[in-house]
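Okay, here's what each chain looks like letter by letter:
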Amino acid sequence: MPGEDRPARVEDVHDLGMPHVTVERASGGNPVYQVGGKSFVFFRNPRPDAVDPETGERYPDVIVFWVPSESDKQALVQDEASPFFTTPHFNGHRSVLLRGSRIGELTLRELTEVVQDAWLSRASRRRAEAWLREHPAPQG
């Protein structure tokens with residue numbers, strides 16, 4: 001697919017391309033993407049657990065993505081160079097955080113995979129199996 005290796009943009013999150021998605025609005029009007037009534041990606045309001053270490057100011061641009069498992073979460077947040085992070089507030093929660101200002105450190109392909117994994121982790125088994133049948137993993 002052309003453009004998959006370009007830097008991801010926040011706008012790409014809104015162009016999810018996954019089926020059965022509804023958008024709710026959280027307090028402050030931020031979008032919450034859901035499948036079957038379950039959130040899988042949402043834009044957070046500034047919170048005291050995600051702050052700039054130098055200024056103490058709350059990050060205004062945090063996006064939360066569900067992940068399939070704790071090991072998937074750790075794989076995304078353990079590398080200090082990774083733009084993904086977590087906070088103690090999310091201990092035990094199968095999700096990772098990403099600042100919108102760092103989303104360009106991901107390619108569109110990487111962001112797409114994160115969104116697809118988030119959707120698959122929250123979709124019903126029937127919907128997930130149907131989607132996976134229609135979108136087989138590339139061989140290689």
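**Student:** Looking at this structure, how should I read the pattern of salt bridges?
**Tutor:** Summed over all chains, the structure comprises nine salt bridges. Among the salt bridges present, the one from Arg9 reaches Glu11, with a minimum N-O distance of 3.9 Å. Here Glu11 falls in the exposed class, since its relative accessible area comes to 51%. For the salt bridge of Arg44 with Asp49, the shortest nitrogen-to-oxygen distance reads 2.7 Å. Arg44 gets classed as buried once you look at its relative accessible area, which sits at 5%. One network of salt bridges, with partners in common, ties together Arg6, Arg9, Glu11 and Asp12.

**Student:** When you look at the sheet that holds strand β3 (residues 38–43) in this model, what are you seeing that I'm missing?
**Tutor:** Two modes of strand pairing occur in sheets, parallel and antiparallel, and in both the strands are linked by backbone hydrogen bonds. One open sheet accounts for six strands, arranged β1-β2-β3-β4-β6-β5; its pairing is antiparallel. Of all strands in the sheet, those bounded by a partner on one side alone are β1 (21–25) and β5 (84–85). Sheet topology note: the β5/strand β6 (residues 95–99) ladder contains two bridges and is antiparallel. Pairing of Phe84 across the sheet is with Leu98, part of β6. Along the sheet, helix α2 (residues 70–77) makes contact with β5 and β6, crossing β6 at roughly 25°.

**Student:** Looking at this structure, how should I read the pairing of strand β2 (residues 31–35)?
**Tutor:** Remark: a regular strand shows side chains that alternate across the two faces of the sheet. Here β2 lies mainly inside the structure; five of its five residues are buried. The alternating pattern of β2 places Pro31, Tyr33 and Val35 on one face and Val32 and Gln34 on the opposite face, and all of these are buried. Pairing between β1 and β2: five bridges, direction antiparallel. Residue Val23 lies in a different strand from β2, and its bridge partner there is Tyr33. The antiparallel hairpin formed by β1 and β2 contains five residues in its connecting segment, where Gly28 sits at a positive phi of about 90°. By the bridge criterion, four bridges tie β2 to β3 in an arrangement that is antiparallel. For Val35, the partnering residue across the bridge sits in β3 and is Lys38. In this structure, the hairpin formed by β2 and β3 is closed by a connection of two residues, where Gly36 is found at a positive phi of approximately 60°.

Procedures and definitions
- Residues numbered from 1 in each chain as written.
- Predicted model: local features only at pLDDT ≥ 70, side-chain atom pairs only at ≥ 80, totals over all residues.
- Heavy atoms only, no water.
- Salt bridge = Lys/Arg side-chain N within 4 Å of Asp/Glu carboxyl O.
- Buried < 20%, exposed > 50% of the residue type's maximum accessible area, 1.4 Å probe, protein only.
- Pairing = 2+ DSSP bridges.
- Helix = DSSP H or I, 4+ residues; strand = E, 2+ residues; numbered from the N terminus.
- Contact = heavy atoms within 4.5 Å.
- Axes fitted to C-alpha atoms, helices over the stretch in contact; angles between N-to-C directions.

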